[in-house]
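Here is how the chains run, residue by residue.
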Amino acid sequence: MKEVTMPKLAMTQETGTILQWYKNEGESVEAGEPLLEVMTNKINIDVESYVDGILHKRLFEAGDEVPVLDVIAYIGGADESLPDPSMNVSRETTLNEPADAVTNQTSLDNKDEPQSRVRATPAARAEARKLGISLANIQGTGPRSRIQREDVVAYAETRVSESTTTPSERRTEPQENQKRVEIQVVRNVERETTSSQIVPYRGMRKIIGQRMAESAFQAPHVTLVREIDVSETIALRSRLLPIVERQTGTKLSLNTMVLFATAHALTKHPNVNATWGSADEIVQHDEVHLGTAVAAPQGLLVPVIHSAQSFSLAGISERVSRLVQDARNGKLSPDALQGGTFTVSNLGMFGIEAFNPIINSPQVAILGVGASIEKPVVQDGNVVVRPMLTLNLSFDHRVLDGAEAAMFLQTLADILVHPDELLVSLHA
Amino acid sequence: MREITYQEAVREAMSQVMREDDRVFILGEDIGVYGGAFGVTRGMIEEFGPERVRNTPIAEAGIAGAAIGAALTGMRPIMELQFSDFVTIAMDQLVNQAAKICYMYGGKAAVPLVVRAPAGSGTGAAAQHSQSLEAWLAHVPGLKVVQPSNAYDAKGLLKSAIDDNNPVIFYEHKLLYSTKADVPEELYSIPLGKADIKRSGTDVTLVATSIMVQKSLAAAEILAKDGISVEVIDPRTLVPLDIKTIVDSVKRTGRFAVVYEAVKRGGYGAEIASLVAESEAFDFLDAPIVRLGGKEVPIPQNPELERNAVPQVEDIVEAIRNIMRKA
């Protein structure tokens, strides 16, 4: 039975993420055939099988992040059985960490390699280097079990006679795994005694982070802020609420009103309803595929209401309600997450008045919606109290100029301040 | 070839050089009619006369000072310290004058001086007459230090020492004086700075100096019966040191020990051990480097204690067996 290990493709690489398996358990594999796709910190790469055989066991699935050189699968002949102990070992060691998203940690990570603790003479070390053998596997016969040169030579000779595995495969002999487990266990014990916590930065959090950083660093963001009086929209919502509820069973929210208004405002501003096609191409979309940011338990998700401009207010309400529910239950289809042309992010429910949203690239603009808050405003020379809502439009200044973005914001504001216009635009 | 003793070999070298070169003369305590404390200069005053075989007062600083002065005037003096222990009295002359004059005068002055010094224990002469202080002088830049281990080397090395234009300390081990070897009658030189492999071997490199060479060869003979093959290297000169021969040997054998009679602490063997550890031989070491040296006590007069104070054949055998893990 041969081990498949997470490849180490760069000096500094510590883990790799399995993107997909090309083979299922039980399928036969030929040497040189792609077995799985791995994402390192730099690249995605196909990992080929070293050997012919049957993929007996996959220890990890797509999405799992695995330390380099850890065993991730077993390939062997039809009649071979899995080496149970070592299999369990590597599964425990590597799965433990992702399972506890938050673990205690010592102030200093123990960077000692197992090899540095091995007692060996310089000659033994030199010989082991020459032969590409890990000293960790060798039993020393010198004083206090010190490994001597002849121990390395003897070990190398037995290795040659019993297998033809490559040096890199030898590094992950079960014995060494055993060693790694012991070290891991010790570390975990140490972790429990201190109070600082470490949250692994990986998976969805990491992807969100990468995308945010990419967008923030690449697109020159300008955010326009406009406070509007939404008395009429709120009044309209109150009137429509029972109707929508009767028709769809969903509660019409102010956010839904904003989404509806945004979808229609965007139809008049195709330059804002746009995405980067390539480095020198902007695609202006006729259809509004409106993304709405949802704070799901596993992180930020942006499900998309496709062709939002074609929905009635009740239809939008129904659609948003379902998408939010699916997002929170982790049931969104990949389709529902793709193809957005513009995004609305509403933080009003948290009492946020204004903020600078980061563009959901490759889109070119995003609308941040704040809370509707009653404020004193001056109207016809009198101070009156009005529900005020802040609209925050971040746009990619490479694509749009301030005036273009402001004109879109103007259209949107007009609709929300005088929602009757919506009826007009609907028939336009 | 005829066999002569170490003592005869030293005398022969001096005599043959003196016959060829009028500038060479010897000076020291009781070296004339008495023939020296160990008989090395016996008969020389008859051949060369009191001018060239000069008896001196018991004043080592004065002997050294006079010798250095003579050397600076173009003579090539050989001074004998009756016991090498008395070098302490001549230390200022040797360390602060002889060793530095060439450097301090920009090479315009030379001190072609040989200091012969009987060293080592084994004669019951007690703590003030039995020391091995070669490391003290090897530490001083400008001094060369020679330790011949047999009659053949003694003659050839002494010739080179006399020919050298710089001060050379020539240590003769008292117990070696009576040992014999094949020695050519004609004058010959052995270059300073050339080690000699006294016995070839494959399992462990043993560097030994002076009388420890003889003891190491005896130990190697015993170990060979156990199937342990010891390579015995005699550096012959501590300064200059032929480290290459030693390093090459360690690369072949993978194990290294050094044995010297001087007190182990701070001894010259420590220097050789460090040089090996620093060298490319490091990667070939398959056991820790071992030093055998004298115990950290003044040499006792009691013969049994005296014997125990310095490494003996059985100590070397045991040390090598330990290195080979066969003890």
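Rules used in this analysis
- Residues numbered from 1 in each chain as written.
- Chains lettered and ligands numbered in written order.
- Predicted model: local features only at pLDDT ≥ 70, side-chain atom pairs only at ≥ 80, totals over all residues.
- Heavy atoms only, no water.
- Helix = DSSP H or I, 4+ residues; strand = E, 2+ residues; numbered from the N terminus.
- Buried < 20%, exposed > 50% of the residue type's maximum accessible area, 1.4 Å probe, protein only.
- Contact = heavy atoms within 4.5 Å.
- Areas by Shrake-Rupley, 256 points an atom, 1.4 Å probe, with all protein chains shown as cover.
- Pairing = 2+ DSSP bridges.
- Axes fitted to C-alpha atoms, helices over the stretch in contact; angles between N-to-C directions.
- Buried area = accessible area lost by both parts, 1.4 Å probe.
- Salt bridge = Lys/Arg side-chain N within 4 Å of Asp/Glu carboxyl O.
- Core = buried A, V, L, I, M, F, W, Y, C linked by side-chain atoms within 4.5 Å.
- pLDDT = per-residue confidence, 0-100.
- Expected span 1.5 Å × (residues − 1).
- Polar contact = N/O pair within 3.5 Å; in protein donor to acceptor, adjacent residues only side chain to side chain.
- Left-handed = near helix turned anticlockwise from the far one by under 90°.
- Nonpolar A, V, L, I, M, F, W, Y, C, P; charged D, E, K, R; others polar.
- UniProt positions renumbered as here; feature names shortened; annotations may be inferred.

Each helix and strand counted, chain A has 12 helices and 20 strands in total. Looking at chain A residue by residue over its 428 residues, the buried ones come to 44%. Long-range contacts, defined as pairs at least 24 residues apart, comprise 62% of the intrachain contacts of chain A with a sequence gap of at least 6. Carbon together with sulfur atoms contributes 52% to the accessible area of chain A, which is approximately 22300 Å² in total.

Take unusual backbone geometry next. Between S361(A) and the following residue, P362(A), the backbone shows a cis peptide bond with an omega angle of 15 degrees. For the peptide bond that leads from V239(B) to P240(B), omega is 0 degrees, which places it in the cis range. Counting through the fold element by element, P240(B) comes out in the loop between β12 (237-239) and α9 (243-253). At S210(B), a residue that is not glycine, the phi angle is positive and equals roughly 55 degrees. Secondary-structure assignment places S210(B) in the loop between β10 (204-208) and α8 (211-225). For S210(B), a relative accessible area of 8% gives the class buried.

Another point: the sheet that holds β10(B). Residues and elements named next belong to chain B. The strand order across the open sheet formed by 5 strands is β9-β11-β10-β13-β14, and the pairing between neighbours is mixed. Single-partner strands in this sheet number two, and they are β9 (196-199) and β14 (290-294). For this sheet the average axis-to-axis angle between neighbouring strands, irrespective of direction, equals 25 degrees. Sheet topology places β10 next to strand β13 (residues 256-263); 4 bridges connect them, and they run parallel. From the neighbouring strand, A208 faces β13, where its bridge partner is V259. Helix-sheet contacts for α8 involve β9, β10, β11 (230-234) and β13, and the interaxial angle to β11 is about 170 degrees.

Before going further, it helps to examine the interface of chain B and chain A. On the chain A side, the residues contacting the 9 residues of chain B number 13 residues. Regarding the contact of chain B and chain A, the summed buried area is about 770 Å², with carbon and sulfur atoms giving 45% of it. Looking only at chain B, the three residues that lose the most surface to chain A are D283(B), D286(B) and R325(B), adding up to 69% of its buried area. Summed over the shared surface of chain B and chain A, the result is 1 salt bridge.

Quick look at the nonpolar core now. Counting residues in hydrophobic clusters, the biggest one holds 57 residues, and the most contacted among them are M14(B), I26(B), V53(B), L158(B), V230(B) and I320(B). Ranked by the residues each element gives to this core, the list is headed by helix α1 (residues 6-20) of chain B, at 7 residues. The contacts of M14(B), once residues within four sequence positions are left out, are I26(B), V40(B), T41(B), M44(B), I78(B), R116(B) and L158(B). Within the second largest apolar cluster, 53 residues are counted, among which are V272(A), A308(A), L332(A) and V399(A).

This part covers the confidence of the model for chain A. Should the pLDDT be low somewhere, the predicted coordinates at that spot are not to be read in detail. All names here are of chain A. Predicted confidence across chain A gives a mean pLDDT of 81, with 80% of residues reaching 70 or more. In the model, residues 85-116 has pLDDT below 50 throughout and makes 60 contacts with residues more than four positions away in sequence or in other chains. Confidence drops under pLDDT 50 across residues 163-192; counting only partners more than four residues distant or on other chains, this segment forms 52 contacts.

It is worth spelling out helix α7 (residues 151-163) of chain B at this point. Residues and elements named next belong to chain B. The terminal C-alpha atoms of α7, which comprises 13 residues, lie 19 Å apart, in line with the 18 Å expected from a rise of 1.5 Å per residue. Of all 13 residues that make up α7, 11 are buried, and the element is covered over most of its length. Residues of α7 that are buried include every one of A151, D153, A154, K155, G156, L157, L158, K159, S160, A161 and I162, and no others. Looking at where α7 begins, the residue whose side-chain oxygen comes 3.1 Å from the main-chain nitrogen of Y152 is N150.

With that out of the way, let us pick up the sheet that holds strand β7 (residues 168-173) of chain B. Residues and elements named next belong to chain B. Strands sit in the order β3-β2-β4-β5-β7-β6-β12 across an open sheet of 7 strands; the sheet is mixed. Edge positions in the sheet fall to β3 (53-55) and β12, since each of these pairs with one other strand and no more. When strand polarity is set aside, the average angle formed by the axes of neighbouring strands in this sheet is 20 degrees. Where strand β6 (residues 144-146) and β7 come together, 3 bridges link them in parallel fashion. Across the sheet, V145 pairs through a bridge with I169, a residue of β7. Of the strands in this sheet, β2 (24-28), β3, β4 (76-80), β5 (114-119) and β7 are in contact with α1, which crosses β2 at around 135 degrees.

Let us look at the pattern of salt bridges. Residues and elements named next belong to chain A. Per the counting criterion, the structure on display carries 30 salt bridges over all chains. A salt bridge links K23 to E33; the nearest nitrogen and oxygen atoms lie 2.8 Å apart. Of this pair, K23 sits in the loop between β2 (15-21) and β3 (28-29) while E33 sits in the loop between β3 and β4 (34-39); the two residues are 10 residues apart in sequence, bridging distant segments of the chain. Overall, K23 belongs to the buried group, its relative accessible area being 11%. Relative accessible area serves as the criterion here: at 25%, E33 is assigned to the partly exposed category.

A separate point is the packing of helix α8 (residues 231-248) of chain A against helix α10 (residues 313-329) of chain A. All names here are of chain A. Running from N to C, α8 and α10 cross one another at 65 degrees; their axes reach a closest spacing of 10 Å. By crossing handedness, the relation of α8 to α10 is classed as right-handed. Where α8 approaches α10, its residues L240, V244, Q247 and T248 are matched on the opposing element by L313, A314, S317 and E318. Residues belonging to the contact of α8 with α10 are distributed by class as follows: 4 nonpolar, 3 polar and 1 charged.

Below, the discussion takes up the confidence of the model for chain B. Averaged over all residues, the pLDDT of chain B equals 96, while 99% of them reach at least 70. Per the prediction output, this complex has pTM 0.53; the corresponding ipTM is 0.73.

UniProt annotation of "domain: Peripheral subunit-binding (PSBD)" (unreviewed entry) refers to residues 119-156 of chain A when read in the numbering used here. Helix makes up 47% of residues 119-156 of chain A and strand 0%, and the two end C-alpha atoms of the span are 18 Å apart.

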